[in-house]
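# An overview of the molecular structure
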Amino acid sequence: MSGVDRELDASEGQVVREVMIQIKALLNDSGRSRDVGIWKAILCEPPADQMPLRREIGRQLEPQLRPMAENGSFPVPVVGFLAQWFDWHSLQDAVAQEEEREDPVPDPGREPQDDEPPQMVNFWPAVIGWIAGLVILATLFGGMGGGS
């Protein structure tokens with residue numbers, strides 16, 4: 001029996017249960033479940049990052065997470081991380097296809113062009129606003145100083 005495919009001991013089993021609790025809580029928070037950083041924080045935390053534990057966590061999560069990842073419940077970075085972390089090859093292929101659709105390779109004969117011209121920042125309204133504000137403040141405070 002190799003070190004990767006062995007039975008987990010009690011402490012490793014406890015780590016797997018704790019990770020599963022964290023993942024279930026994460027799945028109940030749709031905003032946080034879309035953040036790849038949170039997934040990494042949970043799954044990459046030692047000792048959960050050890051291969052036997054990763055395999056067991058992946059085995060337990062696969063029936064629930066893989067369909068969610070395949071149907072678009074998670075953004076591409078989360079799907080990419082889960083596919084790579086758990087060696088889910090079909091998801092890795094889907095992520096690669098999705099990235100190709102998002103970032104098409106430009107034609108070699110054409111120069112890349114931006115769809116929109118660069119935005120010029122016009123700072124004059126801000127300058128005029130500051131000057132007007134200073135004039136108003138000077139007028140208000142100038143009248144308070146003293147006048148008989």
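Scoring rules and cut-offs
- Every chain is numbered on its own, with residues counted from 1 as its sequence reads.
- Per-residue local features of the predicted model are confined to residues with pLDDT of at least 70, and side-chain atom pairs are confined, for both listing and counting, to 80 or more; whole-chain, interface and lining totals are unaffected and use all residues.
- Side-chain measures were taken over the full set of non-hydrogen atoms in the model, leaving aside hydrogen atoms and water.
- Each helix is a run of DSSP H or I of at least 4 residues and each strand a run of E of at least 2, with the numbering of both proceeding from the N terminus.
- For this analysis, a polar contact is any N or O atom pair within 3.5 Å, provided that within protein one partner can donate a hydrogen and the other can accept it, and provided that sequence-adjacent residues contribute only side-chain to side-chain pairs.
- Residue contacts are counted whenever heavy atoms from the two residues lie within 4.5 Å of one another.
- Expected helix span is taken as 1.5 Å per residue step, with the number of steps being one fewer than the number of residues.
- Working definition for bend: take the seven residues up to and ending at a residue and the seven starting at it, fit an axis to each, and measure the angle between the axes.
- To sort residues, take the accessible area from a 1.4 Å probe on protein chains only and compare it with the maximum for the residue type: under 20% means buried, over 50% means exposed, and anything in between is partly exposed.
- In this text, buried Ala, Val, Leu, Ile, Met, Phe, Trp, Tyr and Cys residues form a nonpolar core when linked through side-chain atoms within 4.5 Å.
- For this analysis, a salt bridge means a side-chain nitrogen from Lys or Arg found within 4 Å of a carboxyl oxygen belonging to Asp or Glu.
- Note on definitions: angles span 0 to 180 degrees between N-to-C directions of axes, and those axes are lines fitted to C-alpha atoms, for helices only across the stretch in contact.
- Angles are sorted into four bins: roughly parallel if under 35 degrees, roughly antiparallel if over 145, roughly perpendicular if 65 to 115, and oblique for all others.
- A crossing counts as left-handed when the near helix is turned anticlockwise from the far one by less than a right angle, and as right-handed when that turn is clockwise.
- Only Asp, Glu, Lys and Arg are considered charged in this grouping, and only Ala, Val, Leu, Ile, Met, Phe, Trp, Tyr, Cys and Pro are considered nonpolar; every other residue, Gly among them, is considered polar.
- Taking the helix axis as origin, the arc is that swept by the directions to the C-beta atoms.

Tracing the chain through its elements places Glu56 in helix α4 (residues 51–70). Within the local environment of Glu56, its side chain forms a polar contact with the side chain of Arg59, the two groups lying 2.5 Å apart. Each residue touching Glu56, except ones within four places of it in the same chain, is listed here: Leu8 and Val16.

This brings us to α4. Look at α4: only 24 Å from first C-alpha to last across 20 residues, short of the 28 Å you get at 1.5 Å a residue. The sharpest bend along α4 reaches about 65° and sits at Glu62, with the proline Pro63 one to four residues further on. Considered for burial, the residues of α4 that qualify are Pro52, Leu53, Arg54, Glu56, Ile57, Gly58, Leu61, Leu65, Arg66 and Ala69. Looking one or two places after α4, you find Gly72, whose phi comes out positive at around 90°.

The next point concerns the environment of Ser30. If you trace the backbone, Ser30 turns up in helix α2 (residues 30–33). Classification of Ser30 by relative accessible area gives exposed; the value is 55%.

The omega torsion across Pro46 and Pro47 is 0°, close enough to zero to call that bond cis. Assignment of secondary structure puts Pro47 in the loop between α3 (36–43) and α4. Of note in the backbone geometry, Asp87 takes a positive phi value of approximately 60° without being a glycine. Relative to the assigned elements, Asp87 resides in the loop between α5 (76–86) and α6 (89–102).

A separate point is the nonpolar core. Counting residues in each nonpolar core, the largest one holds 28 residues, and the members touching the most others are Trp39, Leu43, Ile57, Phe74 and Leu82. Elements that contribute at least two residues to this core include exactly α1 (10–27), α3, α4, α5 and α6. In this structure, Trp39 is in contact with Ile23, Leu26, Leu27, Ser33, Leu65, Phe74, Val78, Phe81 and Leu82, ignoring residues within four places of it in sequence.

Turning our eyes to something else, we now look at the pattern of salt bridges. Counted according to the given criterion, the structure contains 2 salt bridges. Two residues, Glu62 and Arg66, come together in a salt bridge whose shortest N-O distance is 2.6 Å. With a gap of 4 residues between them, Glu62 and Arg66 both fall in helix α4, about one helical turn apart. Overall, the relative accessible area of 16% leaves Arg66 in the buried class.

Next up on the list: the packing of α1 against α4. At their nearest, the axes of α1 and α4 sit 9 Å apart, and the two run at 25° to each other. In terms of orientation, α1 lies roughly parallel with respect to α4. The way α1 lies across α4 gives a crossing that is right-handed. Between α1, through Glu12, Val15, Val16, Val19, Met20, Ile23 and Leu27, and α4, the contact on the second element is made entirely by Leu53, Glu56, Ile57, Gln60, Leu61, Gln64, Leu65 and Met68. Taken together, the residues that form the contact of α1 with α4 break down as 11 nonpolar, 2 polar and 2 charged.

Spanning 18 residues, α1 covers 26 Å between terminal C-alpha atoms, matching the ideal 26 Å at 1.5 Å per step. Among the residues making up α1, those that are buried are Glu12, Gly13, Val15, Val16, Val19, Met20, Ile23, Leu26 and Leu27. Down the axis of α1, the buried side of the element spans an arc of 155°, and every buried residue falls inside it. Residues Ala10, Ile21 and Lys24 are exposed on α1 and point more than 90 degrees away from its buried face.

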